[in-house]
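Here is how the chains run, residue by residue.
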Amino acid sequence: MTSTTSQQELFRFLEDRFACAQACTECARACALRASLVDPDGTENQELVRRKGIMCAEVCDATCRVLSEQNQVDESAIRVQVEWCRTVCLEAAHVFDRQPGAEESAAACRACARACTDFLATLN
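All values reported here derive from a predicted model rather than from experimental measurement. (Residues numbered from 1 in each chain as written. Predicted model: local features only at pLDDT ≥ 70, side-chain atom pairs only at ≥ 80, totals over all residues. Heavy atoms only, no water.)

**Student:** Tell me about the pattern of salt bridges, and name the residues and values.
**Tutor:** Charged atoms that come close allow side chains of opposite charge to pair. Tallied over the full model, the rule gives 7 salt bridges. With a shortest N-O distance of 3.8 Å, Glu83 and Arg79 are connected by a salt bridge. Of this pair, Glu83 and Arg79 both sit in helix 3 (residues 75–97), 4 residues apart, which is roughly one turn of that helix. Its relative accessible area of 30% is what places Glu83 among the partly exposed residues. The salt bridge involving Arg110 is made with Asp97; its shortest N-O contact spans 2.4 Å. Taken as a pair, Arg110 in helix 4 (residues 103–122) and Asp97 in helix 3 lie far apart in primary sequence, 13 residues in all. According to the relative accessible area criterion, Asp97 is partly exposed, its value standing at 45%. Salt bridges here are not isolated pairs; linked through shared partners, they connect Glu47, Arg50 and Arg51. (Salt bridge = Lys/Arg side-chain N within 4 Å of Asp/Glu carboxyl O. Helix = DSSP H or I, 4+ residues; strand = E, 2+ residues; numbered from the N terminus. Buried < 20%, exposed > 50% of the residue type's maximum accessible area, 1.4 Å probe, protein only.)

So this is what it looks like as structure tokens:
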């Protein structure tokens, strides 16, 4: 954000940053729950669901921590983290789509990806 940024743009940036962090938290919970429900000795597809769930939860958790930091974090580093989060969420959603009973987790992943996209639009 530059010094010429309007107050309205600053508010939108902060609101979208908070919404993204909140969506990351919700997605991390849903993915961790989904991963915990899968039998570790299950089929290859179940193993993929478990791995994607764990990875998505970890990336969302890390993204939430980056967005919650009070220190000035480099905007390019934030962009990379949020773009990575968006990509991982979409990948997890596609895997969950093929898993019966994982609709809620897939929806949480898609909501997080949308929040990431919205937040990225507020960055320079």
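From this point on, the discussion continues.
**Student:** Quick rundown of the packing of aromatic side chains? Include the residues and the values.
**Tutor:** Evaluation of the coordinates by the stated rule reveals 1 aromatic pair. Taking 5.5 Å as the distance between ring centres and 40° as the angle between the ring planes, the aromatic pair formed by Phe13 and Phe119 counts as tilted. Residue Phe13 is found in helix 1 (residues 7–37), and its partner Phe119 is found in helix 4; the two are separated by 106 residues along the sequence. Its relative accessible area of 8% is what places Phe13 among the buried residues. (Phe/Tyr/Trp six-rings, centres within 6.5 Å; stacked < 30°, edge-to-face > 60°.)

**Student:** Can you lay out helix 2 (residues 44–68) for me, pointing to particular residues and giving the numbers?
**Tutor:** Helix length check: helix 2 (25 residues) gives 36 Å between terminal C-alpha atoms against 36 Å at 1.5 Å per residue, within 8%. Buried within helix 2 we find Val49, Lys52, Gly53, Cys56, Ala57, Val59, Cys60, Ala62, Thr63, Cys64, Val66 and Leu67. Close packing links the buried residues of helix 2 with helix 1, helix 3 and helix 4. (Expected span 1.5 Å × (residues − 1). Contact = heavy atoms within 4.5 Å.)

**Student:** Which residues make up the packing of helix 1 against helix 3, and what are the values?
**Tutor:** The geometry of helix 1 relative to helix 3 is characterised by a closest axis approach of 12 Å and an angle of 40° between their N-to-C directions. Helix-helix and strand crossings are classified by hand; for helix 1 and helix 3 the assignment is left-handed. Along its contact with helix 1, which presents Arg17, Cys20, Cys24, Cys27, Cys31 and Arg34, the element helix 3 presents Ile78, Val82, Cys85, Cys89 and Phe96. Taken together, the residues of the contact of helix 1 with helix 3 sort by class into 9 nonpolar, no polar and 2 charged. (Axes fitted to C-alpha atoms, helices over the stretch in contact; angles between N-to-C directions. Left-handed = near helix turned anticlockwise from the far one by under 90°. Nonpolar A, V, L, I, M, F, W, Y, C, P; charged D, E, K, R; others polar.)

**Student:** Requested: an account of a nonpolar patch on the surface, with residues and values cited.
**Tutor:** Taken together, the side chains of Leu10, Phe11 and Leu14 make up a nonpolar region of the molecular surface, amounting to roughly 270 Å² of accessible area. Looking at where Leu14 falls in the secondary structure, it is placed in helix 1. Leu14 gets classed as partly exposed once you look at its relative accessible area, which sits at 42%. (Patch = residues over 30% accessible without salt bridge, like charges linked within 9 Å, V, L, I, M, F, W, Y side chains within 5 Å. Areas by Shrake-Rupley, 256 points an atom, 1.4 Å probe, with all protein chains shown as cover.)

**Student:** Could you give an account of the environment of Gln22, with specific residues and numbers?
**Tutor:** For Gln22, the location among the structural elements is in helix 1. Given a relative accessible area of 40%, Gln22 falls into the partly exposed group. With 98 residues separating them in the primary sequence, Gln22 and Leu120 have C-alpha atoms 15 Å apart.

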